[in-house]
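# Fold and contact review
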Amino acid sequence: MKNPTPTTSHFDRSARDWDQRPMSQQLAVVAERLLSRLTLNSDQHWLDFGAGTGLLSLPLAQQVAQVTALDTSAAMLAVLAEKGQTNIQTLQQDVFAGLPAVYAGVVSCMALHHVEDTLGLLRIFHQHLQPAGQLALVDLYAEDGSFHGDNEGKGVKHLGFEPAELQALAEQAGFQAVTFTEILHLQHRNGRDYPLFLMQARASG
C-alpha cells in the first residue's frame, strides 16, 4: 500500500478534532460571507474542493440540489458524512484524477495553497463548469511562511497568493470577471493577523 502523503497524513490525523480548532471556529464565518455573494438555486450541483469536514459543503447544501465534497483525506470526509446531510456526496480522490460531472459552481476554502499546479487546477475547474459557471475560492494573501509553520509537513505548496498573479492564471485558464475581496482576518496563535481573500470568477461561454 502506498504511504500517505504528508498532506493526507496531517489531515487524517487532525480530522476528529478539526471543527474544534480555534482556526476552524474563526473560519466558520466564511461560509455565510461567501455564499451571500453567489447565485444559488435549488436545481444546481456544486463542487466543494478540499471540502474537509464540511465548512462550505453543509451550508451550501441547504441552498442547492447537490454538493460533491471532494477531498484527499478519507478521515475528513468520514467526519463530514457522519453529519448526515443527504444531498452531499463525498468523493475521496486527487482532483487531477478527473471529475465525474459538470457543475454550476466550485467553492473552496483554504485548499488552493496545498496544490502545486495552480494553473492546472484552475483549468480543471474551468473544464468542469457549465458555461458562465461560478468559481469562488478563499485563501491566504501572500505571507512569509509563518502561518503554517511546518509547511512541508502540512503539505503547503504556496505561501499564499498575490492577487494579480492569481488573476492572470485564472484568465489563462479561461475565467472571466475575476475579482478579489478581503473576506476575513485570521488571528493566529503566533499573535499575527493573516488576511484571506475571496476570488470570484465566471467560466467563459
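Residues numbered from 1 in each chain as written. Predicted model: local features only at pLDDT ≥ 70, side-chain atom pairs only at ≥ 80, totals over all residues. Heavy atoms only, no water.

### Notes on the packing of aromatic side chains
Here is the rule we go by: Within 6.5 Å between ring centres, the rings of Phe, Tyr and Trp (the latter by its six-membered ring) count as paired, and their orientation is classed by plane angle as stacked under 30 degrees, edge-to-face over 60, tilted in between. By definition, any uninterrupted DSSP run of H or I lasting at least four residues is a helix, any uninterrupted run of E lasting at least two residues is a strand, and each is numbered from the N terminus. Type-normalised accessible area, obtained with a 1.4 Å probe on protein chains alone, sets the label of each residue: buried when under 20%, exposed when over 50%, and partly exposed for intermediate values.
Scanning all chains against the criterion turns up 5 aromatic pairs. Taking 5.4 Å as the distance between ring centres and 70° as the angle between the ring planes, the aromatic pair formed by F49 and F125 counts as edge-to-face. With F49 in strand β1 (residues 45–49) and F125 in helix α5 (residues 118–127), the pair connects residues that are 76 residues apart, well separated along the chain. Accessibility expressed as a relative area gives 8% for F49, which makes it buried. Taking relative accessible area as the criterion, F125 reaches 1% and is therefore assigned buried. Between F147 and Y194, the aromatic rings sit 5.1 Å apart at their centres with planes inclined by 80°, giving edge-to-face as the arrangement. Note that F147 is positioned in the loop between β5 (129–140) and α6 (163–172) and Y194 in strand β7 (residues 193–203), a separation of 47 residues in sequence. An aromatic cluster is defined as three or more aromatic residues linked by ring pairs; in this entry it consists of Y141, F161, F180 and F197.

This is a description of form; function is not addressed.
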